[in-house]
Amino acid sequence: MQSGSSGEVRSGVGAADTRGKHRISAELKRLEQEIRFLEEELEQLEKMENASAACKEMLINIETRPDPLLPETTGPVNPIWDRWFEGPPESSGCRCWIL
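Keep in mind that what you see is a predicted model, and the values were worked out from it rather than measured. (Residues numbered from 1 in each chain as written. Predicted model: local features only at pLDDT ≥ 70, side-chain atom pairs only at ≥ 80, totals over all residues. Heavy atoms only, no water.)

**Student:** Which parts of the structure should I look at to understand the overall build of the chain?
**Tutor:** In terms of regular secondary structure, the chain is built from 3 helices and 0 strands. Split into buried and exposed, the 99 residues of the chain put 0% on the buried side. Within the structure as shown, the chain displays about 10200 Å² of accessible surface, and the carbon and sulfur contribution to it stands at 59%. (Helix = DSSP H or I, 4+ residues; strand = E, 2+ residues; numbered from the N terminus. Buried < 20%, exposed > 50% of the residue type's maximum accessible area, 1.4 Å probe, protein only. Areas by Shrake-Rupley, 256 points an atom, 1.4 Å probe, with all protein chains shown as cover.)

Written as structure tokens, this is what we have:
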């Protein structure tokens, strides 16, 4: 009788054990896939040149070329427009709180 009851316990443990094996196997496959992904990413990073060298090269290219969207002027086109961007001539006379 003891062998029969222990056999039932073993079959219950065996069923739980196969589910545990499946979970472990699935987790192992997921980790292997993540390892492959990280190895591929590491290979790509090793093939790339240093970021600082690429940034320096890009800065040189940007600084040497004028911006095509901005007009090239040596001074204001119309000096009257400058008065709108300057502060008031006398700050004590201005009651404007926006500036």
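Anyway, onward from the coordinates.
**Student:** What's the story with a negative patch on the surface in this structure? I'm lost.
**Tutor:** Taken together, the side chains of Glu-39, Glu-40, Glu-43 and Glu-46 present a region of like negative charge at the surface. With a relative accessible area of 60%, Glu-46 lands in the exposed category. (Patch = residues over 30% accessible without salt bridge, like charges linked within 9 Å, V, L, I, M, F, W, Y side chains within 5 Å. Salt bridge = Lys/Arg side-chain N within 4 Å of Asp/Glu carboxyl O. Lys, Arg positive; Asp, Glu negative; His and termini not counted. Charge placed at Lys NZ, Arg CZ, Asp CG, Glu CD.)

**Student:** Could you clarify how one ought to interpret the UniProt feature "coiled-coil region" (unreviewed entry) in the chain in this entry?
**Tutor:** As annotated by UniProt and renumbered to match this structure, "coiled-coil region" (unreviewed entry) occupies residues 21-58. Regarding residues 21-58, the helix share stands at 92% and the strand share at 0%, and the terminal C-alpha atoms are separated by 53 Å. (UniProt positions renumbered as here; feature names shortened; annotations may be inferred.)

**Student:** What's the story with the pattern of salt bridges in this structure? I'm lost.
**Tutor:** Close approach of charged atoms allows side chains with opposite charge to pair. The full count for this structure, using the stated rule, is 2 salt bridges. One salt bridge in this structure joins Arg-30 and Glu-27, with 2.7 Å as the shortest N-O distance. Of this pair, Arg-30 and Glu-27 both sit in helix H1 (residues 2-47), separated by 3 residues, roughly a single helical turn. Of the residues examined, Arg-30 reaches a relative accessible area of 41% and is grouped as partly exposed. According to the relative accessible area criterion, Glu-27 is partly exposed, its value standing at 38%. Glu-34 serves as the salt-bridge partner of Arg-30, at 3.2 Å between the closest nitrogen and oxygen. In this pair, Arg-30 and Glu-34 both sit in helix H1, 4 residues apart, roughly one turn of the helix. Judged by its relative accessible area of 38%, Glu-34 is partly exposed.

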